[in-house]
Amino acid sequence: MAHEAPIRLESSWRERVGDYLLREDMQALAAFLRERQAAGSRIYPPPREMFAAFDATPFDNVRVVILGQDPYHGAGQAHGLSFSVRPGVAVPPSLRNIYRELERDLGIASPSHGSLLPWAHRGVLLLNAVLSVEEATAGAHVGKGWEGFTDHVVETLNREREGLVFLLWGAYAQKKGAIIDRSRHRVLHAPHPSPLSAHRGFIGCGHFSAANQYLTRRGEAPVDWSLPLHPIGADERITVEKGEAPASRQQDAANLSEV
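Residues numbered from 1 in each chain as written. Predicted model: local features only at pLDDT ≥ 70, side-chain atom pairs only at ≥ 80, totals over all residues. Heavy atoms only, no water.

The end-to-end C-alpha separation of helix H6 (residues 146-160) is 21 Å, in line with the 21 Å expected for 15 residues at 1.5 Å each. For H6, the set of buried residues is Trp146, Glu147, Phe149, Thr150, His152, Val153, Val154, Thr156, Leu157 and Asn158. (Helix = DSSP H or I, 4+ residues; strand = E, 2+ residues; numbered from the N terminus. Expected span 1.5 Å × (residues − 1). Buried < 20%, exposed > 50% of the residue type's maximum accessible area, 1.4 Å probe, protein only.)

Time to look at the environment of Arg161. Summarising the element assignment, Arg161 is placed in the loop between H6 and strand S5 (165-169). Considering only alpha carbons, one finds Arg161 and Phe59, 102 residues apart in sequence, at a separation of 9.0 Å. Setting aside residues no more than four positions away along its own chain, Arg161 makes contact with Phe59, Asp60, Asn61, Val62, Thr156, Arg184 and His185. Among the polar contacts listed, one links the side chain of Arg161 to the backbone oxygen of Phe59, at a separation of 2.8 Å. At a separation of 2.9 Å, a polar atom in the side chain of Arg161 contacts the main-chain carbonyl oxygen of Val62. (Contact = heavy atoms within 4.5 Å. Polar contact = N/O pair within 3.5 Å; in protein donor to acceptor, adjacent residues only side chain to side chain.)

Take the sheet that holds strand S3 (residues 124-128) next. The strand order across the open sheet formed by 4 strands is S3-S2-S5-S6, and the pairing between neighbours is parallel. The outermost strands of the open sheet, each flanked by one partner alone, are S3 and strand S6 (186-190). The sheet shows a mean angle of 20° between the axes of neighbouring strands, direction not considered. Each of strand S2 (64-68), S3 and S5 is contacted by H6, which is oriented at about 150° to S3, the strand it contacts most. (Pairing = 2+ DSSP bridges. Axes fitted to C-alpha atoms, helices over the stretch in contact; angles between N-to-C directions.)

Without other data, these values stay purely geometric and don't point to any function.
Put into structure tokens, the structure is as follows:
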């Protein structure tokens, strides 16, 4: 990893967490990604989108944080936002359950697509704990170093911001959020929206309205949780692609100082 190369992380995030990407353990992660790429593995999301959550939601714009685990591992699905998929990709089961709860809680109709980018632009940080995966292999990059970086992101938000809402769905997210200061932020727990666990309390949790009630009590505007019923086209940073990422993106997959 070339230390002198600029880190292509959104500027407000780069100022606060960019130095972490220069650590020795992140260099080890970069080496691992290079090795996997050299072995012919398809890595998702495309490298230029690994930090898309930060591009879409600058540090000072964050109002709500939804923690996921690792990206979807199907071709064309992941685009750097937890639980979200690109327009034109089938809505995954967990996201269908999120839509079910959204409609039950706030009466918002489920869209025909799975892009949560409008939420991100309104201050909902859609953060996975692990920012890359390999095709058809869930958890392929768990334990390789991303968790330390995203822990640092959560710690920085916890320390430098006040009055955020953290939505922690499932044991993994709840463990990652254990460091959050409950006296400074609102932390909401529920089972994961997976079909295996949604019926145990995710459906009926009321997190979307609860988040807005907390923000309103603080004198802030509630989050607009509505989504366009039909996709409105590709974002300038998050484009609609299917299959393998173009060579121009793949070649920088493992250089975290240039992503």
